[in-house]
Amino acid sequence: MEMMLATFSALFSVVNPFGAMPVFLTLTQDDTPSNRNQQALRACIYMALILAVFFLAGQYVLNFFGIRLHDIRIAGGLMIMKAGFELLSSKAHRGKKVSKGVMKESMQKEDISFAPLAMPMLSGPGAIAVSISLYSDALQVTDLGLVVTAIVALAVVAYLILIFSHQLLQFMGKAGLSALSRIMGFIVLSIGVNFIVTGIQGLFFV
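Reading the values: the criteria
Residues numbered from 1 in each chain as written. Predicted model: local features only at pLDDT ≥ 70, side-chain atom pairs only at ≥ 80, totals over all residues. Heavy atoms only, no water. Helix = DSSP H or I, 4+ residues; strand = E, 2+ residues; numbered from the N terminus. Rg over C-alpha atoms; globule rule 2.2 N^0.38 Å. Buried < 20%, exposed > 50% of the residue type's maximum accessible area, 1.4 Å probe, protein only. Contact = heavy atoms within 4.5 Å. Areas by Shrake-Rupley, 256 points an atom, 1.4 Å probe, with all protein chains shown as cover. Lys, Arg positive; Asp, Glu negative; His and termini not counted. Charge placed at Lys NZ, Arg CZ, Asp CG, Glu CD. Polar contact = N/O pair within 3.5 Å; in protein donor to acceptor, adjacent residues only side chain to side chain. Core = buried A, V, L, I, M, F, W, Y, C linked by side-chain atoms within 4.5 Å. Salt bridge = Lys/Arg side-chain N within 4 Å of Asp/Glu carboxyl O. Axes fitted to C-alpha atoms, helices over the stretch in contact; angles between N-to-C directions. Left-handed = near helix turned anticlockwise from the far one by under 90°. Nonpolar A, V, L, I, M, F, W, Y, C, P; charged D, E, K, R; others polar. Patch = residues over 30% accessible without salt bridge, like charges linked within 9 Å, V, L, I, M, F, W, Y side chains within 5 Å.

Student: Quick question: what am I supposed to make of the overall build of the protein chain here?
Tutor: Looking only at helices and strands, the protein chain features nine helices and zero strands. The linear arrangement of helices and strands in the protein chain, starting from the amino end, is α-α-α-α-α-α-α-α-α. Taken over the C-alpha trace, the protein chain has a radius of gyration of 17 Å; the compact-globule value for 206 residues is 17 Å, and the two agree within 12%. When burial is assessed residue by residue, the protein chain has 43% of its 206 residues classed as buried. For the protein chain, long-range pairs separated by at least 24 residues make up 90% of all intrachain contacts whose partners lie at least 6 apart in sequence. About 11000 Å² of surface is accessible on the protein chain, with carbon and sulfur atoms providing 67% of the total. Mean positive and mean negative side-chain charge positions of the protein chain (14 and 10 charges, respectively) differ by 12 Å.

Here it is in structure tokens:
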């Protein structure tokens, strides 16, 4: 249970489905509620698959390219810290950043569940780095199952947040989203620092 909670909290802070709500509503504003829910469901399924695959196979990919786990932890920590600083900024309540070109292209697509919703908005580089870093040779089969279960639970929660995003935005307002983004930003920033410190310790003190 502790492993599941630790995995869920670490990934939830980086995935931050609350930050995806404004963009999701913008891209699906002309869709029916049924289509909007289907887009959210597919996006969360894709997100769970992406994170689970990188968790289970990411170490082998790193070995293929000769990259050590400590290297990816430091690089991922820097990316996560950058995301944390962005969440702490005054413009964080506007949601996750998506380029104008991507937004224009996505508005013309019928299916935005995989790109840009699942990737890179929900399962972006920071979330993928966290997933890879969660893997360890010391993990038992049961532990691997618990981490994957936590990823599935995260997908379920993200799905609920997205399908109720309109109501949540009305209830929380810009001030509430801004405060929530700052809290999430502080947690994400702390996770990034932890990744960097752990990576440095692994490189020089182990």
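Student: Mind showing me how you'd approach the environment of R182 here?
Tutor: Mapped onto the elements, R182 comes out in helix α9 (residues 165-204). C-alpha separation for the pair R182 and L62, spaced 120 residues apart in sequence, amounts to 33 Å. Within the local environment of R182, its side chain forms a polar contact with the backbone oxygen of L88, the two atoms lying 2.9 Å apart.

Student: When you look at the nonpolar core in this model, what are you seeing that I'm missing?
Tutor: The nonpolar side chains of soluble globular proteins are, as a tendency, buried together. Counting 49 residues, the largest nonpolar core has M47, L51 and I151 as the members making the most contacts within it. Counting only elements with at least two residues in this core, the list comes to α1 (2-15), α2 (17-27), α3 (33-65), α4 (69-88), α6 (113-122), α7 (125-134), α8 (141-163) and α9. Not counting chain neighbours up to four residues away, the residues in contact with L51 comprise L11, V15, S123, A127, I128, S131, I151 and L154.

Student: Would you mind going over the pattern of salt bridges with me for this structure?
Tutor: Charged atoms that come close allow side chains of opposite charge to pair. Applying the stated criterion across every chain yields a total of three salt bridges. Across the pair D111 and R42 runs a salt bridge whose closest N-O atoms are separated by 3.7 Å. With D111 in the loop between α5 (100-107) and α6 and R42 in helix α3, the pair connects residues that are 69 residues apart, well separated along the chain. You can call D111 partly exposed: its relative accessible area is 35%. Here K82 makes a salt bridge to E86, at a shortest N to O gap of 2.7 Å. With K82 and E86 both in helix α4, this residue pair falls four residues apart, about one helical turn.

Student: Please explain the side chain of S165 as it appears in this structure.
Tutor: Among the secondary structure elements, S165 is positioned in helix α9. Judged by relative accessible area, which is 1%, S165 ranks as buried. Residues within four places of S165 in sequence aside, it is in contact with M21, F24 and L25.

Student: Would you mind going over unusual backbone geometry with me for this structure?
Tutor: If a residue is not glycine, its phi is most likely negative; likewise, a peptide bond is most likely trans. That bond from A115 to P116 is cis: its omega, 10°, falls within 30 degrees of zero. With respect to the helices, strands and loops of the structure, P116 is situated in helix α6. Here the amide bond leading from M119 into P120 is cis, since omega sits at 15°, within 30 degrees of zero. Within the secondary structure layout, P120 lies in helix α6. With phi around 50°, N16 is a residue other than glycine that occupies positive phi space. Within the element layout of this structure, N16 appears in the loop between α1 and α2. Residue N16 is classed as buried on the basis of its relative accessible area of 4%.

Student: Explain the packing of α1 against α9 here, please?
Tutor: When two helices pack together, their arrangement is captured by the angle between the axes and the distance separating the axes. Where α1 meets α9, the closest approach of the two axes is 9 Å, and the angle between their N-to-C directions is 120°. Note that α1 runs across α9; the crossing there is left-handed. Where α1 approaches α9, its residues A10, F12, S13 and V14 are matched on the opposing element by M184, I187, V188 and I191. Taken together, the residues that form the contact of α1 with α9 break down as seven nonpolar, one polar and no charged.

Student: Can you walk me through the side chain of S123 in this structure?
Tutor: Here S123 shows up in the loop between α6 and α7. A distance of 2.5 Å separates the side chain of S123 from the backbone oxygen of A118, its partner in a polar contact. Ignoring any residue separated from it by four or fewer positions in sequence, one finds S123 in contact with M47, I50, L51, A118 and I128.

Student: Please explain a nonpolar patch on the surface as it appears in this structure.
Tutor: A contiguous nonpolar surface patch, about 440 Å² in accessible area, is contributed by V61, F64, F65 and I67. Looking at the secondary structure, you find F64 in helix α3.

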